[in-house]
Structures are given as structure tokens and as C-alpha cells.
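# Residue-level structure breakdown
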Amino acid sequence: MLSLTDRLTRAFSAAFEKAGCPPEHGQVVESQRPDLCQFQCNGALAAAKAARRNPREVGQAVLDALEEKELFESLSLAGPGFINIRLKPGFLARHVAEMGADAALGCPPLSPREKVVVDFGGPNVAKSMHVGHLRSTILGDSLQRLFRFLGQAVVSDIHLGDWGTQMGMLIVALSRSQPGLPYFDAAFPGPYPAQAPVSVADLEEMYPRASALCKEDPAEAERARQATFELQQGRPGYRALWRHFVEVSVAAAREDFSALGVDFDLWLGESHYQDAIPGMIDELKRAGVARPSEGALVVPVDQEGGIPPLLLVKSDGGYLYGTTDLATLRERALEQRASLVLYVVDKRQGLHFEQVFRAAAKAGYLERCRGEHVAYGTVNGPDGKPFKTRSGGVMKLKDLIRMAQDEALKAMRELGVAGEYPPEEQAGIARKVGIAALKYADLMNHRGSDYVFDLAKFTRFEGRTGPYHLYAAVRVKSILRKAAEAGLEPGELLPATGREEGLMMALALFPDAAREAHRHRAPNHLCEHAFRLAQAFSGFYQQCHILGEQDPALRASWLQLARICLAQLEKVLELLGIETPERM
RNA sequence: GACCCGGUAGCUCAGCUGGAUAGAGCACCGGAUUUCUAAUCCGGCGGUCGGGAGUUCGAAUCUCCCCCGGGUCACCA
């Protein structure tokens, strides 16, 4: 089904055409002056400008040409040429009822259907997930949910950092602490043990130490480079060891992701694309896209701006992450035939993606595919600098989630929320409230801006917070549950009066919010909509006592409205990755 | 130095394919509860949209210059 604004836009576009103007000017949007009207069309101003006509005259011609006049309560020309629109209350109600009956809740799928790869720029093996992964996880997950909801064919890929110099560092570090292991014996015939010689905790401890050692000791760095090289050449012991590193790290990452309710279609990593690199490099050399520079192989990408070339092969023959990213994009574009690849990655990597995309364009990978860096800002501490623990270390994601849930429970206790429920249910609610607090706080900001991590603020039950939304949803659920117990059924949605209009308008504008979020790859528009919807419901709730209403038709209509509202609210929250409890 | 992003109410931010009186949350002040979860709702206070010029009937939004903050800038990722 068409969205309400699309339906109106279609009618106005036709009218513009009949009035001798380009139909694009028929765009109808929600009014910015709710005191004057519900919707407005400003196209007459632009059309008049282009045609050097009088805007009011054009506006009048459009109104004269407009069909389906029976849908409108009032149409008027205002100011320099705004067209103000107010709908027949019955038409609005009918549209909302239709949305409620629609499988997609009134949000039309995007066309054409595209294949979209969402790359989460995943965690690095051997480094535990920390605050830095919070945003890519929450944002990327919301985007994959949104794109799917809008009918796109989404393939999400965690894209683990499971290759590169850090692997060599770990191998060298382990060869020193446990030299007796068979992985280091080049003559060992195999098979290698099935059990990993290290735990995630070991890796987490080893990595920073190894990294620091390489930084201060060039000989150690050289050993790490050599080990990396041998690993990449396929030395069996190193490969076996590497597999262990990846396995234990992935298992740990899975726990964190599952705590956040996030999953991926693919759990591939950088290593997956390594075999394709030599062929790609040959191809790029032959095509003259890649060329030698200062001992390395590069793709010049500096068209007019001062952009350094993409480094493909280091002077020592090794590859860099740009090499892997290019090979990855190549496979996604040419073999997986994706038409869009979204990289949900920290904004500080903007230049890197600019280089990769330019190189990919030169290589001809982007003729049927676009690459996009969905950049996001940092999560900061109260000091405005990237968030750290009290002792100055990096906050682990696991601890962060636990803190959010503890804080949620604390807030609930203070307010007496869920006080008399069984402890297990209470804990379950606290878990949902904590996650909702975290996710809403993250997504309500535009992704590009940094924000300050403030749990006490996020877990408040007032204002624009996750808990506020859950509370609103739970109140609707409670009404519907009581109605069902009393044998009351939702019925036909009656025409909107002043009391229901705000809620119906909010409901009708869901597709616009979803589209806006999609267009900018920015779920903050969904947060905005969720808040508006929750507030609209609260306003309605205040004025209309559903269960106490004596008129059965009105009561059934209100129940229907509540039902549709809950479905939409839960859907929007779901698109944000937020789960709603049954009661609080 | 070059490039990128930002500077909007006391605080945190939204709005930026130009459109009527610039919005929200928090904070502050006032009001609403015999009622389905008041954890809510309604109202008020509060702004040279960093500064200046330009384009336009119209600029927070587009262009240029300047100031301030952050980020990035070939063999790490």
C-alpha cells in the first residue's frame, strides 16, 4: 500500500501536471504549522519560480486541477503560495486502519529491491569487544533490520579483523611463553591438538604486551612480521594456531553480540579474502590501475583533492587492510553481485574508505555497485574524550552491558517498577530495560556526532530514553490484555476527532520516518518517530479512557487504535533492536 | 599546511535535496489524578541558529571569506 504522503503526493503531482507544471513539485509533506493544517505542498513556489509565473496563480491552478477532492476537509492557498491541506477525518481513519491490517504495517517496500551488504567492520581477534564496538554493532544492526523491513535483500557480515600483523605478534609471543607446543615445530607431522592452547583471556592479556614490545623493539617487530609472512604463506603450524585464536575469539564475541540481540548472516573475516588478493593484484597491474611507487605498489586515487594513493603491496611484499578491503569489495560487487555495500565504521576512517572506493571505481568494481561509508562518531566519557574505565583502561563491552543492566535495576527499584513481580521476571525486565537504554541513547543521536556516555541519564524513565518507550508500550499492552480478559474486541476505526487525531497522524507518518532513516542511513529518525508515537499515545491515553468508555463502537474503535499503535511502536523499537517486555 | 566533520535555548542535541512563527529532551516555573501502570499529560520560561558577505520573493539549510573545536593525512588497523 502507498503511504499517506505518497498518496497525497500522487494526487498533487497529477494536478501540477494538469496545471502545466512538472509533477515533481507535487511533493506533499507534513505541515510545519499544525495550527493551520495537517499537510502542505510547497511546490507551487518552486514551480512558479522555474516558469516565471505568479506562485499564487500556480497554486490556484493546481487546486483547480486537483481531483479526489472528496478526500479533503479543506484546501487553501496561504501566504506566498503554500497549499494547506486538511483531510476528511474518515479518510485519515481509513488509512490508519489499512496500515493496521497491512503485513508491512503500511510501510511500502523500496523499489527496486537491491542486494545490500552491511559490513560491521567487526572486532579484531584477540582483542575483546569494547565500547568502540558498541556503535557499529547497534547502528549496523538497526540498519540491517531497517533495510530488511523495507524489502531489501540484506547480507550482514561481521567482517572480523582476523588477519594481519597482530596475528604474527601473538604467534611470536606464544612461542616464547610456551615454546614446547607442536605449532612451532616446522617438522611436526600433525595432526595438531583440537584443544586451543590459549583462552580469550590469555589472548587479551598477550596482545597489548606483544604490541607494546614490538613498538619498542625492532627485532621483535621483525620476528612478528616474519611470523605473519609465514602464516600468510600457509605454514601449517601457524595456520593451526591461528585457527585456534579465531575460534576462541569468535566464541567470546558471539556472547557479547547475543547479549545485545545482534546476529549476522556471515561471520567472515579479512582472512577469507586473502586467496583472492594475488589475482586481483595481477589484474590491477595489467589494467594499469596499480603501479609501483617508492618500492610499494599503489593505486593513485588523487583526482583533484590531496588524497594519498591506496597502498596495495608494501615494499616488503606484505598486504595492508586497504588491500583486503579492496579485494572484499571486489568480491561483493562482482561475485556476490551486491548493488550497495555499507561500511558501518568509525568516522575517523573516512579517508581510508575514500581511497578504497576511488581505487575500486578505477578498477571498475563499482559499475553496478556503490560503496558507502556509514560513518559514526565516538562514545565519550564525561571529559569529552573517548570513554575509558576509571583506571584509564578500555571499557569492555561485556562490563558495559552489565553496568547498563545494573543501572536499570537500580532505577527500577527507586521507582518501584516491577517490585512485586517474581525475581526472575524482574531480572528479565531489567535486562531489557538496560539494553533499551543503551541502544536508544546510542541511536537517538545522529550517527555522525559523538555523544557522552551517561548511564544514569540513559536509564531514566522520563524523556527521550529507552525505558520511557518500553513503559509506553507496556501500558498499551496492559490495556489490550485487560480488554481481552473482559472479552472486548477491537472494531472498526471511527473517523478521527480532536482526541484521536494526533495519534492517527503520528501513525500515518511511520513510512516517512522509515524512509528518512533509510535515506540517510540514520536510525535517529526512527527514534524520533518512536518518541512521537509514544507521546501521541500518552496524550490519547490521557483523554480517552478506553476501558471505561460506555459506547461500544467508540470503545472498539479506540481498542483498534491502541492495537495498531502497539504494533507500530513495537515494530519501530524492533527496528532499533529494542525488545519490549510484557509488563513492567 | 591540506582535506573531512562540527559550532543551534542554561545543558544534551534534532532539523540542513531553501519555505510560513527555528524544534525536542533535561533543568526551571505553573497546572491536571474518584479513571485502563501519573514512570504520564497540558501550559510557561528560554535562541544575534559561531561571525561577516553573497545568491534568492524567501537562508539554520546553498556559495565565498574569517574565527573556534575535533579528526585525518603511504608501507599499523
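Residues numbered from 1 in each chain as written. Chains lettered and ligands numbered in written order. Predicted model: local features only at pLDDT ≥ 70, side-chain atom pairs only at ≥ 80, totals over all residues.

## Some remarks on the overall build of chain A
The helix and strand inventory of chain A stands at 20 helices and 13 strands. In terms of overall dimensions, chain A has a C-alpha envelope of 85 × 65 × 45 Å along the principal axes. Out of the 584 residues in chain A, the part that is buried amounts to 46%. A sequence separation of at least 24 residues applies to 75% of the contacts in chain A between residues at least 6 apart. (Helix = DSSP H or I, 4+ residues; strand = E, 2+ residues; numbered from the N terminus. Buried ≥ 20, exposed ≤ 12 C-beta atoms within 10 Å, placed from the backbone. Contact = placed C-beta atoms within 7 Å.)

## Description of helix 5 (residues 131–149)
Residue pairs three or four apart in sequence face the same way in an α-helix, which turns once every 3.6 residues. Between its first and last C-alpha, helix 5 extends 28 Å over 19 residues, near the 27 Å set by a 1.5 Å rise per residue. Once helix 5 ends, the next one or two residues include G151, with phi positive near 85°. (Expected span 1.5 Å × (residues − 1).)

## Details of the protein's contact with RNA strand B
Near RNA strand B you find 69 residues, and of these L45, K314, H446, G463 and S538 are the closest. Counting residues per element, the ones that place at least two in the surface near RNA strand B are helix 2 (43–51), strand 4 (82–87), helix 12 (350–363), strand 13 (451–452), helix 16 (466–485) and helix 19 (524–543). Classifying every residue of the surface near RNA strand B gives 27 nonpolar, 30 polar and twelve charged. (Near = placed C-beta within 6 Å. Nonpolar A, V, L, I, M, F, W, Y, C, P; charged D, E, K, R; others polar.)

## Side note on the sheet that holds strand 1 (residues 28–30)
Within the open sheet, the four strands sit side by side as 1-2-4-3. Their pairing is antiparallel. Looking at strand neighbours, the two that pair on one side only are strand 1 and strand 3 (72–78), the edges of this open sheet. Each strand of the sheet is rotated relative to its neighbour by a mean of 25°, with strand direction disregarded. In this sheet, strand 4 lies alongside strand 3 in antiparallel orientation, the contact comprising six bridges. The residue bridging S76 from the neighbouring strand is N84, located in strand 4. (Pairing = 2+ DSSP bridges. Axes fitted to C-alpha atoms, helices over the stretch in contact; angles between N-to-C directions.)

## Looking at helix 1 (residues 4–18)
For helix 1, with 15 residues, the first-to-last C-alpha span of 22 Å sits near the 21 Å given by 1.5 Å per residue. Those residues of helix 1 that fall on the buried side of the exposure criterion are L4, L8, T9, F12, S13, A15 and F16. End-on view of helix 1: buried residues confined to an arc of 165°, all on one side of the axis. Backbone geometry just after helix 1 places G20 at a positive phi near 85°. (Arc of directions from axis to C-beta.)

## Quick word on the sheet that holds strand 10 (residues 340–346)
Picture the strands of a sheet paired through backbone hydrogen bonds; they go either parallel or antiparallel. Spatially, four strands are ordered 6-5-10-11 in an open sheet, and the strand pairing comes out parallel. Both edges of this open sheet fall to strand 6 (153–157) and strand 11 (370–376), since each of them pairs with a single strand only. Within the sheet, the average angular offset between the axes of one strand and its neighbour, ignoring direction, is 20°. Two elements, strand 5 (residues 115–119) and strand 6, share five bridges in a ladder whose sense is parallel. Bridge pairing in strand 6 places K115 opposite A153.

## Some remarks on the confidence of the model for chain A
Per-chain confidence: chain A averages 93 in pLDDT, with 99% of residues scoring 70 or above. For this predicted complex, the interface score ipTM comes out at 0.96, while the overall pTM is 0.95. (pLDDT = per-residue confidence, 0-100.)

## A few points about unusual backbone geometry
Cis geometry is found at the peptide bond from S111 to P112, where omega equals 0°. Tracing the backbone shows P112 in the loop between helix 4 (89–101) and strand 5. Phi is positive for L105, which is not a glycine, with a value near 55°. Phi is positive for E294, close to 50°, though the residue is something other than glycine.

## Some points on the domain arrangement of chain A
When the domains of chain A are assigned, the result is domain 1 (4–87) and domain 2 (164–263). For domain 1 versus domain 2, the distance between C-alpha centres works out to 65 Å. (Domains from an automatic or database assignment.)

## A word on the environment of V289
Here V289 lies in the loop between helix 10 (277–286) and strand 7 (291–293). The spacing of V289 and L409 is 120 residues in sequence and 58 Å in space, taken between C-alpha atoms. Apart from residues no more than four positions distant in its own chain, V289 is found in contact with L284, V299, K362 and A363.

## Considerations on the nonpolar core
With 180 residues, the main nonpolar core has L170 and C565 as its most contacted residues. Per element, the largest residue contribution to this core is twelve residues, and it comes from helix 20 (residues 552–575). Looking at which domains feed residues into this core, each of domain 1 (4–87) and domain 2 (164–263) gives three or more. Apart from residues lying up to four places away in sequence, L170 is in contact with A126, L203, M206, Y207, A210 and F245. (Core = buried A, V, L, I, M, F, W, Y, C linked by C-beta atoms within 7 Å.)

## Comments concerning the environment of G234
Structurally, G234 can be placed in the loop between helix 8 (218–233) and helix 9 (236–259). In this structure G234 comes out as exposed when scored by C-beta crowding, with 9 C-beta atoms within 10 Å. Expressed as a C-alpha distance, the spacing of G234 and I281, which sit 47 residues apart in the sequence, is 19 Å.

## Topic: the packing of helix 16 against helix 20
Each pair of packed helices gets described by two things: the angle between the helix axes and the distance between those axes. Where helix 16 meets helix 20, the closest approach of the two axes is 10 Å, and the angle between their N-to-C directions is 145°. Note on packing geometry: the crossing formed by helix 16 with helix 20 is left-handed. Contact residues: helix 16 offers H469, A472, A473, V476, K477, I479, L480 and A483, while helix 20 offers L559, A562, R563, C565, L566, L569, E570 and L573. Considering only residue class, the contact of helix 16 with helix 20 consists of twelve nonpolar, one polar and three charged. (Left-handed = near helix turned anticlockwise from the far one by under 90°.)

## A closer look at the pairing of strand 8 (residues 296–299)
Of the two faces of strand 8, the one holding L297 and V299 is buried and the one holding A296 and V298 is not buried anywhere. As paired elements, strand 7 and strand 8 share three bridges and run antiparallel to each other. Paired with R291 across the two strands is V298, which belongs to strand 8. Here strand 7 hands over to strand 8 after two residues, with E294 in that stretch at a positive phi of 50°. The pairing of strand 8 with strand 9 (residues 310–313) spans three bridges and is antiparallel.

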